[in-house]
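Commentary on secondary and tertiary structure
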Amino acid sequence: MEKIDLATSSLRELNERLQQQSEVTNEKQWEVVNPKGAHAIAVGLNAPLELLIKGSTGYYCAGMNQHAQITVQGSVGPGVCENMMSGSVFIEGDASQYAGATGHGGLLTIKGNAASRCGISMKGINIVVHGNIGHMSAFMGQSGNLVVLGNAGDALGDSLYEARLFIRGKVSSLGADCIEKEMRPEHREILQDLLTKSGADANVADFKRYGSARKLYNFDIDNAGDY
Amino acid sequence: MCGIVGLFLKDKSLEPELGSLLTDMLVTMSDRGPDSAGIAIYNNLKKQGSKITIQSMNPVEDFKEIKAQLTQLSGADLEVRIVDTHAIITLDSNYKDKIKQILKSSFANLRIMSIGDSIEIYKEVGLPEEVADRFELSKMVGSHGVGHTRMATESAVTTLGAHPFSTGEDQCLVHNGSLSNHNSLRRKLARLGVNCETDNDTEVAAAYITHKMNDGFNLGDALNAGISDLDGFYTFLVGTKNGFGVLRDPIACKPAVLAETEQYVAFGSEYRALVNLPNIDHAKIWEPEPATVYFWEH
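In what follows, the accompanying structure is described.

Conventions used here
- Residues numbered from 1 in each chain as written.
- Chains lettered and ligands numbered in written order.
- Predicted model: local features only at pLDDT ≥ 70, side-chain atom pairs only at ≥ 80, totals over all residues.
- Heavy atoms only, no water.
- Patch = residues over 30% accessible without salt bridge, like charges linked within 9 Å, V, L, I, M, F, W, Y side chains within 5 Å.
- Areas by Shrake-Rupley, 256 points an atom, 1.4 Å probe, with all protein chains shown as cover.
- Salt bridge = Lys/Arg side-chain N within 4 Å of Asp/Glu carboxyl O.
- Helix = DSSP H or I, 4+ residues; strand = E, 2+ residues; numbered from the N terminus.
- Buried < 20%, exposed > 50% of the residue type's maximum accessible area, 1.4 Å probe, protein only.
- Polar contact = N/O pair within 3.5 Å; in protein donor to acceptor, adjacent residues only side chain to side chain.
- Contact = heavy atoms within 4.5 Å.
- Pairing = 2+ DSSP bridges.
- Axes fitted to C-alpha atoms, helices over the stretch in contact; angles between N-to-C directions.
- Parallel < 35°, antiparallel > 145°, perpendicular 65-115°, else oblique.
- Left-handed = near helix turned anticlockwise from the far one by under 90°.
- Phe/Tyr/Trp six-rings, centres within 6.5 Å; stacked < 30°, edge-to-face > 60°.
- Lys NZ or Arg CZ within 6 Å of the ring centre and 35° of its normal.
- Right-handed = clockwise from strand over helix to strand, strands pointing away.
- Core = buried A, V, L, I, M, F, W, Y, C linked by side-chain atoms within 4.5 Å.
- Expected span 1.5 Å × (residues − 1).
- Arc of directions from axis to C-beta.
- Buried area = accessible area lost by both parts, 1.4 Å probe.

It is worth spelling out a nonpolar patch on the surface at this point. All names here are of chain A. The grouping of Met140, Tyr161 and Tyr217 at the surface amounts to a nonpolar patch, some 260 Å² of accessible area in total. Among the secondary structure elements, tyrosine 217 is positioned in the segment after strand E11 (208-212). What makes tyrosine 217 partly exposed here is its relative accessible area of 35%.

In this section: the pattern of salt bridges. All names here are of chain B. Applying the stated criterion across every chain, the model contains 16 salt bridges over all chains. A salt bridge links glutamate 15 to lysine 12; the nearest nitrogen and oxygen atoms lie 3.9 Å apart. Taken together, the shared-partner salt bridges connect Asp31, Arg32, Glu270 and Arg272 into one network.

The next thing to look at is the side chain of serine 137 of chain A. All names here are of chain A. Here serine 137 is to be found in the loop between strand E7 (123-129) and strand E8 (143-148). What makes serine 137 buried here is its relative accessible area of 0%. Engagement of the side chain of serine 137 in a polar contact is seen with the backbone oxygen of glycine 134, the distance being 3.0 Å. Apart from residues lying up to four places away in sequence, serine 137 is in contact with Ala115, Ser116, Arg117, Cys118, Leu146, Ala155, Leu156 and Gly157.

All right, on to the environment of valine 43 of chain A then. Residue and element names in this part refer to chain A. Tracing the sequence through the fold places valine 43 in the loop between strand E2 (29-33) and strand E3 (50-54). Separated by 39 residues in the primary sequence, valine 43 and glutamate 82 place their C-alpha atoms 9.4 Å from one another. Residues in contact with valine 43, not counting those within four places in the same chain, are Asn15, Gln19, Tyr60, Ala62 and Gly63.

All right, on to the sheet that holds strand E9 (residues 172-179) of chain B then. All names here are of chain B. Taken together, 4 strands build an open sheet; the order of strands is E9-E10-E11-E15 and the sheet is antiparallel. Looking at strand neighbours, the two that pair on one side only are E9 and strand E15 (294-297), the edges of this open sheet. Shown here is a sheet whose adjacent strand axes are inclined to one another by a mean of 5°, direction ignored. Here helix H7 (residues 201-214) sits on the sheet and contacts E9 and strand E10 (232-239); the angle it forms with E9, its principal contact strand, is near 130°.

Looking now at the pairing of E3 of chain A. Consecutive residues of a regular strand have side chains that alternate between opposite faces of the sheet. Residues and elements named next belong to chain A. In E3, alternate side chains face the same way, and those of Leu51 and Ile53 are buried while those of Glu50, Leu52 and Lys54 on the opposite face are not. The pairing of E2 with E3 spans 5 bridges and is parallel. Counterpart to valine 33 in the pairing with E3 is lysine 54. In this structure, E3 lies alongside strand E4 (residues 69-72), joined through 4 bridges in parallel fashion.

Residues and elements named next belong to chain B. It is the contact of helix H6 (residues 182-191) with H7, at a shortest axis distance of 9 Å, that shows an interaxial angle of 40°. Taken together, the axis directions place H6 and H7 in an arrangement best described as oblique. For the pair H6 and H7, the sense of crossing is left-handed. Contacts between H6 and H7 involve His182, Leu185, Arg186 and Leu189 on the former and, on the latter, Asp201, Val204, Ala207, Tyr208 and His211.

Once that is clear, we can look at the packing of aromatic side chains. All names here are of chain B. Inspection of every chain in the model, using the stated rule, returns 9 aromatic pairs over all chains. Residues phenylalanine 244 and tryptophan 296 carry aromatic rings whose centres are separated by 6.2 Å and whose planes lie at 85° to one another, so their mutual orientation is edge-to-face. Here phenylalanine 244 is found in strand E11 (residues 243-248), whereas its partner tryptophan 296 is found in strand E15, with 52 residues between them in sequence. It is lysine 123 that lies over the ring of phenylalanine 165; its NZ or CZ is 4.3 Å from the centre. One cation-aromatic arrangement involves lysine 284 over tryptophan 286; the distance from NZ or CZ to the ring centre is 4.2 Å.

A few words on the pairing of E2 of chain A. Residue and element names in this part refer to chain A. Counting buried positions along E2 yields 4 of 5 residues, so the element is predominantly enclosed. In terms of strand pairing, strand E1 (residues 2-5) meets E2 through 4 bridges, oriented parallel. The partner of isoleucine 4 across the bridge, within E2, is valine 32. This β-α-β element, E1 to helix H1 (residues 11-19) to E2, shows right-handed connectivity.

Next up on the list: the sheet that holds E11 of chain A. Residues and elements named next belong to chain A. As summarised here, the arrangement of the 11 strands in space is E1-E2-E3-E4-E5-E6-E7-E8-E9-E11-E10, forming an open sheet in which the pairing is mixed. At either margin of the open sheet sits one strand with a lone partner, and together these are E1 and strand E10 (178-181). Taking each pair of neighbouring strands and ignoring which way they run, the sheet shows an average axis angle of 15°. Relative to E11, E10 is paired through 4 bridges, and the arrangement is antiparallel. The residue of E11 that forms the bridge with lysine 181 is arginine 209.

With that settled, consider the nonpolar core. Judged by nonpolar contacts, the single largest core of 47 residues is most densely connected at Leu51, Ile53, Ile70, Val80, Leu108, Ile133 and Leu146 of chain A. Top element by residues in this core is E7 of chain A. It accounts for 3 residues.

All names here are of chain A. In a regular helix each residue adds 1.5 Å, so 13 residues correspond to 18 Å; helix H2 (residues 185-197) covers 18 Å between its end C-alpha atoms and thus fits that length. Those residues of H2 not exposed but buried are His187, Leu191, Leu194 and Leu195. The buried side chains of H2 occupy one side of the element, clustering within an arc of 100° when seen end-on. When the buried face of H2 is taken as reference, the exposed residues oriented beyond 90 degrees from it are Pro185, Glu189, Thr196 and Lys197. Contact partners of the buried residues in H2: strand E6 (107-110), E7, E8, strand E9 (164-167) and E11. Where H2 terminates, the next one or two residues include glycine 199, which has phi positive at roughly 70°.

Each partner contributes to the interface: chain B provides 14 residues, whereas chain A provides 13 residues. When chain B packs against chain A, the two sides together hide about 920 Å² of surface, and 46% of this comes from carbon and sulfur. The largest contributions to the chain B side of the interface with chain A come from Tyr271, Arg272 and Glu287 of chain B, which together make up 40% of the buried area. At the boundary of chain B with chain A, the tally comes to 0 salt bridges.

Take it as geometry only, folks, not as evidence of what the structure does.
Following this line, the structure appears as structure tokens:
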């Protein structure tokens, strides 16, 4: 196992070493110690590494991740897994705002709570939050799934496209064009799969599904006065 | 962008370390605000009357005879401690208003940074580390303090445009964000007799809080009223004689992290600012909710 101590190595050194690994690397196990809230830890990885970060991180941890499995033994700052493409990221603590923003793929699991704008403009990523999420989550979400075991803040799924939102707890309010929808067998299957993959102990039957009413997709002449 | 830090001590044994802990937090936030920095430190551990912090662009000249001049004009028994471009006047509380009048009428070169029983404010243009070194912030002792690293948006990079802003006795406010209704609110407050000295948006927020507290609101109620009256982006940290309070706007774009242990409550714009605090690994750490007031008092 490779171990990098951020008390003695620079962030640039860490990210260069991680980014240099090829898809067939033998050096799969990595550990980062003393992250001390630093920004941009483990961004742009492009190999099936297993990375353990021992402590809390700052902004943009695991951004643009492809293939790597990353675990953070702590909390993460704003923009964790921003634009993630694939792989999986597991946060043991809380996540700050816009977790998983614009993510195209992969699985982001947050054991604690996520703040506002979780999954904003998500484009295929799966996000499972074991705690609560803040306001404006999944704003303009295009595809992928957001699963929340706790409660959701105000304006959930505002201007939503085709992302699916599964919420077990209370929703403070729904955003424009977001409605509760029927939970069909295919949705239960997707949800069960994500709960299992993210290690969540929850019953599919306790969740409600929310999605787009699709009324904002096309210009409506009756709304002309609103612009 | 801007950086905010704050530390409220519950454990008196940490009071001698307040300056060094806050300095470390402040310098860590240099990336968020490299143009100027400031700190408000609350220290009335010896119950020594009142303090007025003054600032001069030309301290060698302006502070040379200041003690004798003020004594002669006021008849007060006072002490003056010069710290770089700032000086702290310590005096009997009964002479506070008189000295304030004298400073305003007879010393045009001097600026009053703060007045109160506990508060001292130090702020200057420059990198936070340089500002901290100039004032030897790391040696300061106190019960609580707030600090700010500035990246200017709404007004010029000047000493007076730096935070914290103090508009009432023992009160100060630091701000990350920008207010959009500060000009109209400044005019409204002026009509009520509350005047701001700069064009800065944050000073208006500070004056607003002071105005509300003068009307009998406590810090929590004053901040709550601000949610409807202050428009824009903000994370505020407000210092008072006994403690500090935190408020984020309802959209909550501007970052904020709180940490609490049995020894202290700490605030940082980023978790990075808190990592060297004692026992931080066992602290309760959370992000303050939007439009929700948090405050701690001794």
